[in-house]
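Structural features, examined
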Amino acid sequence: MFSRNWRPCELDFSKERLWQLSLLKRRCKEADVEKEYILYEKRIRSYSLWVFLVLHSVVIIVNIFLLLGTSEHPKMIYFDVVLYFLSTLWIVLVLSINFKEEIVQNRSWVAYVTSVIAVMTLVTVDLTLNMYHYNKDDWTITSTFDTYTLYMIYLFLPISTLKVPTILGIAVSIVYITYYFFELSREGDYRVEELDHFNNIVVNLIDYISFNLLGIIFRIMSDITIRSSFLDRHQYVLEDIALVGARKQEKMLLHSILPPQIAQPFQDDIRSRVAISKKRIYSQHTKEHIMAIQNHPDVTILYADVVNYTHLTTTLSVQELVTLLHDLYASFDYAASHYRTQRIKFLGDCYYCVAGLSVVDPDHAKCCINLGHCMIGHIRQIRRTRNLNIDMRIGIHSGSLLAGVIGSAKLQYDIWGEDVVIANKLESTGLPGHLHISERTLSMLSDHPYEILPGTQVAREDPLLIKSNIQTYLIAAIDNNAITNLEMPTTFHITKSAEDDKDRKDYVKQELRKEFELMPIGAFYEKKLFTFGSKKPLVRGTDRPMIGFLLLDFKDPRLEYNYINQTDYMLKYSILLSCCCLFFIADEIQRNLIFRICIYMIIIIMYFIVLILLLMDCEPAEYIVLHTESKLFGYEMGQNFCFHPWVLTKMICLIMGVTLIFTGIPVMVKIVVSVMETITYLIIINFQFDYLIHHSIPTNPFFAPEYAHGLFTVVTWFIYYYMERQVEFNNKINFNWRIELLKKQEDAHITNKSITILLHNILPSHVVNVYLTLAEKHELYYESYSMVAVMFATLKNFQMDMSQLRVLNEIISEFDTVLSQYKNEFLVDKIKIVGCTYMAACGLNVRHSITGGNRKTVIKSLRREVHRAQQSLARNRTESTLDNEEVVFILSSFALDLMRTLWICNHVYSNIPLEKEMSAGDMSIGISSGEVMAGVVGASQVHYDIWGNAVNMASRMDSTGVAGHIQVTEESAMILKRSGVECDFRGMTYVKGRGIMPTYFVGIDKNLDFRHTPEEEYTE
C-alpha cells in the first residue's frame, strides 16, 4: 500500500548544484586558479581582520569610558581597565603580523598561531576578570567576551579554511561551559545538581551551539559567494581577452576587405544584423543598401598584368599554379605595403593598386614607380628560378577616382573613374618588362634616375588615349634588390603557431594575475577608504558599478530591481525544508521576491511571538516584590519567576543574526527590521523591565547591567551589519560581474559571428574551414574541378560618376539578393565584381551537392526546373558526358534571373519622375564550362579566385557578347541542349587567344523564359 502511493520527488536541482561549495572548489581546481583564489581569499581575510582591529579598538575604548564614567567605585575597575587596554594592544600587535607579506608569505601557520593567541588572550582576560573579582571582591560577574570571541573567530580571523574556525569555536565553547561547571562547584551553598543552575548551563550550551552554527553557515555562504564571484571574474577575464583577440581579428579581416576609412559602417551593419537575428526580430521594411564611396582627387593607379598567363593556366598543375600566384601576389602585397600603396584586387593575372588612397601622400607617383620596378624584378627572379616564360606588363597613371564598395554580398573594395580606365589601357598597350606611364605621372617625378623612352605605337593609336589626350612614356625596369631579397611573409594573419599559443597562455595568466590583484575585497572599497596603499584602479576600465555606501544599493534602479528579483539559490541555508512537498514550495519561494519577504517576515514574527510569550510569563511588579523580600529576609530567590536577562539578550542577538543574514531579501528591508528589533529591545530593557535588567549579573563590578546589555546588543548589531554588508557587497559584485560576463559573451558571440560573416565574404562557405585548417599548417589551399560553369555579366553604357554608381550599387545589391536564392545543392558562388562586371560560378562545392543540404530553403520553381534538366541530361547521356553537368543549367538559370532583375530595375527607374533620366542599362552575359582550378592566394589580403580555360572563355564570351543575350561556348551549348534548352547558333566569332570559334546564344523568349526543345515542352 505504501509503495503504491509513494511518488518520487521529481525536481530539477541542476542550478542549485552550481552553488554547492564542493562543486565550486572542483571548478577552481579544474580552471587551475586555486592558488590565485587562496591569495584572493587571504586579501579578503586581511581586510576583515583590519575591520576587526578597528571595531575591537572602538568597542574597548567605549567600554573603558563607560566603566570610568558610570562606576561608583572606580578603584575596583582599574584592574579591568588596565587589562582591557593591555590585551587590546597585545591583540592588535599579534594580529598585525598578518599584514606583513614578507612574514606570512609561504608561512600559512602564522595566521593560525596569531589567531589562536588572539582568541586565548580574549578568553583569558574574560575568565581572569571573573576569577579575580570573585576571589578578591566577592563579586559574581558574567562573561564579557564569550559570544564576542565566537564572532571574531568566524568573521574576522585570517583563517581561510572552515575546519580550523569550527574547531576553535567549539574549543572556546567547551572552555566556557567547563568554567561554568567549575564556577557552580566552587560555591559552597550550591550544588551542580540544582536544577536552576544546571538549566543556566544548558541554556548557555544551546547559545554557543546556535552562535557556532550561525558562524558556520555564514562562512559557508560567504565562501560560496566569493568562489562564485572569483570564477565569474576568471571567466570574464578569459572572455575579455578572447574578445580583444577576436576584435583584432575582426578588424584585420575587415581591413583586408575594406580600407579603415569606410569599414566602420559595414562593421556596424554586420553587428546589428547579427544582434537582430539573435533576437529573432524580422523587419518588414526593406533596408536601404549601404553605399560607401569616396572621391580621391590626387592618386596614382598601377595596373600590372602577367604576360603569358593564359598559357600557364593550361600547362601548370593546380598546385603549381596556385603556388606560383601565391608567391607572386604575396610578394606584391608585401612590396605594396612597403611603398605605401594599397592593393585593390587582382583579377586572374591582373594586379592593380593605388598610392595616396587611404593616406594623402605627395609622393604617390614615385611610390607606384618603385613598386612597379619591384614587381618586375620579382617576377624575373621567379622566371629564372622556375624556368617559366613569364614577364610583367605595367601601366601607371595619376589622376582622380572614386573608391568604395557596392553590393551586399562578397564585399570587395574597388575603384572607378576615367583615370582608372586610362591606367588599365596603359597596361594593355605597354611592353613586357617596362613601366608604361602617362605624361601626368612623369610630371610628378622629380630628380628621377630613370631613362625615359617614348610610349608604344599601340598606345599612340589607341582611340581612348587619343580622345583623352594622353601622352605616354616607357621606363625600362631596374632590379631593386633591397626589396626583392627581403624575407616576405607568405601566410595570412589568422594563422598561429605553437609559439603563439604559448605566448597567449602566458599573456592570459599575466592578465588573470593582474585582475585578481585588483578585485575588490570589501564594501569600503567603494569609497576607497581602504586601499592597502595601492594606487592602481580597483578594476579594469569602468566595470565597477556605482554602489551606495550605506545600503549598498545599485545607483542604477534597473540593475537593483533585477538584483533583488533574481532567484535565490542559497535559500536552503536560510530555511531547512525536510519533505518533497515543501521543496516544491521552496522552489517558488526562491524564485519570487514577494514570497521570500513573506516567509522572512513570518519567521521573524514567529521569533517575536516566542519572545512575547516569554515576556508575558514575567510580571515586573510581582518580581520587584519578591526580589525585595528576598533581600530583606535573606533568602535566595528562585529563577523561575521571570526570564534570565542575559538569555533574553542573547536570544535577541540570535534573532538579529537571522534577520540580517537571511538570504534573498533586500538589504534595506533587513536593516530596517533589525534596527526596529534593536530599538524595541532597548526600550523594553530600559523601561518595561528596567528593574529586572538592573539587578541582573553585571560584566564588571559596579557597572550598570543595562549599559552592558545595551552595549552588547549594539555591538552585536554592528557585527551583524558588517557580516551582512560583506555578504551583500560580494553578492552585488558577483551579480554585476555575471551581468558583465553575459554582456561580454553576447559581444563575443556577435564578434565571432561577424568574423564568420567576414570570412565567408572573403572565401566561399565550403572553403573557410578547410582553408583555416591548412593555414594553421602553413599550407596553401587549392582544388581542381572537372566541371564548373563560369559566368561574366557586364552592364553596358555606365558612366562611372557618383549618381550612376548609386544605381550600380542598387542593381548589384538586387543581384546579390537573387544570389541568396541559389544555395545548398544549387549553390552559385559570387567570385568578384570588376567595374560593372559580375562574376559567378557554379559547381565549386561538389561535396554539398552530394549531401543535398536543406531542400526547404530552395525555391520550388528552381527545383522543378533543375529536376527536369537532370532528367533530360540522364536521357541524353553520351560517352563524353561528365558528371555534374547540370551546373551549366543552374548558372544559366541564375543568369536569366539577373536579366529579369535588370528588366524590373529599368522599369522602376523609368517610372520615377527625376530631372535626370536614370537607367540600369543593358547587360551582356557570357558563360563557359569545363575544368577549373581554385585556390586562396595573397598575404595581407587573402583572395579566393578561380583559373582555367573555362574562366578565360567565359570572360571572352562576355566581352564579345551582345546586350540582352547570354553567349555560351559550343561545349556549354551542347550541355544546355541536352538539358532541354534551345541554343541559337550565333556564328563564328573571333575570340582573343583562341581565334575564330563557334558561339551560341541561349534560347530566351520575349517573356525572359528559356525556350525548351520540342521534346522537352513541359506542362503541369
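Please refer to the structure placed before this passage.
The notes below deal with the structure included here. (Residues numbered from 1 in each chain as written. Predicted model: local features only at pLDDT ≥ 70, side-chain atom pairs only at ≥ 80, totals over all residues. Heavy atoms only, no water.)

Now for the overall build of the protein chain. For the protein chain, the helix and strand inventory stands at 35 helices and 16 strands. Sequence-distant contacts, at least 24 apart, represent 76% of the contacts inside the protein chain between residues at least 6 apart. When the accessible surface of the protein chain is totalled, it reaches about 48600 Å², and 58% of it is carbon and sulfur. (Helix = DSSP H or I, 4+ residues; strand = E, 2+ residues; numbered from the N terminus. Contact = heavy atoms within 4.5 Å. Areas by Shrake-Rupley, 256 points an atom, 1.4 Å probe, with all protein chains shown as cover.)

A few words now on empty space enclosed by the protein. If a probe as big as a water molecule is rolled over the atoms, it shows which places are left empty. This structure, assessed with the given rule, holds six cavities of 30 Å³ or more. In this structure, the largest cavity occupies an estimated 250 Å³ of space. Elements that contribute at least two residues to the lining of the largest cavity include exactly helix H4 (34-70), helix H8 (146-156), helix H25 (645-661) and helix H28 (705-762). With five residues, H28 is the largest single contributor of residues to the lining of the largest cavity. Residues of the lining of the largest cavity, tallied by class, amount to eleven nonpolar, six polar and two charged. Counted as a void, the second largest cavity has a volume near 70 Å³. Lys 345, Gly 404, Val 405, Ile 406, Lys 410, Gln 412, Asp 414, Trp 416, Lys 830, Ile 833 and Gly 835 are the residues that line the second largest cavity. If you list the elements that add at least two residues to the lining of the second largest cavity, you get strand S4 (391-405), strand S5 (413-416) and strand S10 (828-834). Residues that form the lining of the second largest cavity fall into these classes: four nonpolar, three polar and four charged. (1 Å grid on protein atoms, 1.4 Å probe; cavity = no way out; pocket = protein on both sides within 12 Å on 5 of 7 lines; lining within 4 Å. Points joined across faces, edges and corners; volume = space filled by probe spheres on them. Nonpolar A, V, L, I, M, F, W, Y, C, P; charged D, E, K, R; others polar.)

Applying the stated criterion across every chain yields a total of 19 salt bridges. Asp 327 is the salt-bridge partner of Arg 386, the closest N and O atoms lying 2.3 Å from each other. Residue Arg 386 is found in helix H14 (residues 364-386), and its partner Asp 327 is found in helix H13 (residues 318-338); the two are separated by 59 residues along the sequence. Among the residues examined, Arg 386 registers a relative accessible area of 34% and is labelled partly exposed. In this structure, the salt-bridge partner of Asp 333 is Arg 343, at a minimum N-O distance of 3.0 Å. Here Asp 333, found in helix H13, pairs with Arg 343, found in strand S2 (residues 341-347); they are ten residues apart in sequence, far enough to count as distant. Here the salt bridges share partners, and the residues they tie into one network are Glu 41, Arg 45 and Asp 223. (Salt bridge = Lys/Arg side-chain N within 4 Å of Asp/Glu carboxyl O. Buried < 20%, exposed > 50% of the residue type's maximum accessible area, 1.4 Å probe, protein only.)

Attention now goes to the packing of aromatic side chains. Under the defined criterion, the tally for this structure stands at 26 aromatic pairs. Ring plane angle 40° and centroid distance 6.3 Å describe the contact between Phe 52 and Tyr 148, whose orientation is recorded as tilted. Taken together, the residues Phe 52 in helix H4 and Tyr 148 in helix H8 connect sequence positions 96 residues apart. Just as Phe 52 is buried, Tyr 148 falls in that class too. Judged by centre distance (5.6 Å) and plane angle (40°), the ring pair of Phe 889 and Phe 1010 falls under tilted. Taken together, the residues Phe 889 in helix H33 (residues 886-910) and Phe 1010 in the segment after strand S16 (995-1002) connect sequence positions 121 residues apart. The class of Phe 889 is buried, set by a relative accessible area of 1%. (Phe/Tyr/Trp six-rings, centres within 6.5 Å; stacked < 30°, edge-to-face > 60°.)

Examined against the element boundaries, Tyr 329 turns out to sit in helix H13. For Tyr 329, a relative accessible area of 1% puts it in the buried group. In this structure the C-alpha to C-alpha distance between Tyr 329 and His 943, which are 614 residues apart in sequence, comes to 9.7 Å. What Tyr 329 contacts, discounting residues up to four positions off in sequence, is Phe 346, Gly 348, Asp 349, Cys 350, Tyr 351, Val 937 and Gly 938.

Moving on, we come to the nonpolar core. Among the nonpolar cores identified, the biggest contains 93 residues, and Phe 52 and Ile 719 are the most heavily contacted of them. If you tally residues by element for this core, the top one is H4, at 13 residues. Apart from residues lying up to four places away in sequence, Ile 719 is in contact with Leu 55, Tyr 148, Tyr 151, Leu 155 and Phe 156. Phe 815, Val 887, Phe 889 and Ile 927 belong to the second largest nonpolar core, which has 57 residues in total. (Core = buried A, V, L, I, M, F, W, Y, C linked by side-chain atoms within 4.5 Å.)

Positive phi, close to 60°, is recorded for Asn 469, a residue that is not glycine. Secondary-structure assignment places Asn 469 in the loop between helix H18 (463-467) and strand S8 (472-476). Phi at Leu 1008 is positive, roughly 60°, even though this residue is not glycine. By the element assignment, Leu 1008 lies in the segment after S16.

Packing of H13 against H14 brings their axes to within 10 Å, and their N-to-C directions diverge by 150°. Taken together, the axes of H13 and H14 are roughly antiparallel relative to one another. Pair H13 / H14 crosses with right-handed handedness. Touching Thr 323, Leu 324, Asp 327, Leu 328, Ser 331, Phe 332, Ala 335 and Ala 336 of H13 are Leu 371, Cys 374, Met 375, His 378, Ile 379, Ile 382 and Arg 386, all from H14. Counted by class, the contact of H13 with H14 contains ten nonpolar, three polar and two charged residues. (Axes fitted to C-alpha atoms, helices over the stretch in contact; angles between N-to-C directions. Parallel < 35°, antiparallel > 145°, perpendicular 65-115°, else oblique. Left-handed = near helix turned anticlockwise from the far one by under 90°.)

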